Amino acid sequence: MNAVAPDLSKLSGLEQLRYAFDPARPERAPGIGRTLGFSVIEMEEGRVVFGGHPDESVYNPIGTVHGGYAATLLDSCVGCAVHSALKAGQGYTTLELKVAYHRAMTKDTGPVRAEGKVIQVGRRAAFAEGRLTDLEGRLYATATSTLLVFDR
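Computed from a predicted model, the values in this text were never measured in an experiment. (Residues numbered from 1 in each chain as written. Predicted model: local features only at pLDDT ≥ 70, side-chain atom pairs only at ≥ 80, totals over all residues. Heavy atoms only, no water.)

A.B. asks: Before we go on, may I ask you to explain the nonpolar core in this structure?
C.D. replies: Note on soluble globular proteins: their nonpolar side chains tend to be buried together. Counting 31 residues, the largest nonpolar core has Phe21, Phe50, Leu73, Met105 and Leu132 as the members making the most contacts within it. Contributing elements (two or more residues each) for this core: helix H1 (13–20), strand S1 (38–44), strand S2 (47–52), helix H3 (67–83), strand S4 (112–121), strand S5 (125–134) and strand S6 (139–151). Among the elements that make up this core, the one with the highest residue count is H3 (eight residues). Excluding residues that lie within four positions of it along the chain, Phe50 makes contacts with Phe21, Phe38, Ser39, Val40, Ile41, Leu73, Ser76, Cys77, Cys80, Val112, Arg113 and Ala114. (Core = buried A, V, L, I, M, F, W, Y, C linked by side-chain atoms within 4.5 Å. Buried < 20%, exposed > 50% of the residue type's maximum accessible area, 1.4 Å probe, protein only. Helix = DSSP H or I, 4+ residues; strand = E, 2+ residues; numbered from the N terminus. Contact = heavy atoms within 4.5 Å.)

Below, the structure written as structure tokens:
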């Protein structure tokens with residue numbers, strides 16, 4: 001028997017994310033995670049962590065992980081961190097994402113974590129920051145993001 005889907009507009013941002021990333025229903029997760037092989041591993045209000053394991057499928061022509069992989073992980077974790085802090089009936093979109101690359105990744109880097117944290121959510125704008133590290137804590141990239149908050 002199929003359960004009736006909740007009215008997502010009535011859920012807080014954190015409740016929406018918990019619905020989307022329900023481990024029992026992996027098909028609900030956004031397609032970008034399936035495409036690039038990453039998934040949510042921690043989630044609370046104002047903080048979201050994604051994990052992935054880059055391999056040769058995300059390499060650039062010079063033989064390292066493409067910068068877009070790090071940027072996408074960081075954009076996802078900071079955006080979802082802001083999403084987790086929104087009230088029911090609110091939405092957001094990224095206005096600006098600045099990524100700084102600190103070290104190259106390869107398939108030998110192993111699993112990585114992208115942690116996004118809210119700095120501030122206001123009536124119209126939100127600010128968040130993210131860090132991409134390996135399991136030893138080595139820093140690969142950082143990001144800051146400005147996001148537009150709006151009523152749906």
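A.B. asks: When you look at the sheet that holds S6 in this model, what are you seeing that I'm missing?
C.D. replies: By way of backbone hydrogen bonds, the strands of a sheet pair with one another, either parallel or antiparallel. Strand order in the open sheet formed by six strands is S1-S2-S4-S5-S6-S3, and the pairing between neighbours is antiparallel. Among the strands making up the open sheet, the edge pair consists of S1 and strand S3 (90–101). Looking at each pair of strands side by side, their axes are set apart by 20 degrees on average, direction ignored. (Pairing = 2+ DSSP bridges. Axes fitted to C-alpha atoms, helices over the stretch in contact; angles between N-to-C directions.)

These results come straight from atomic positions and should not be treated as a statement about function.
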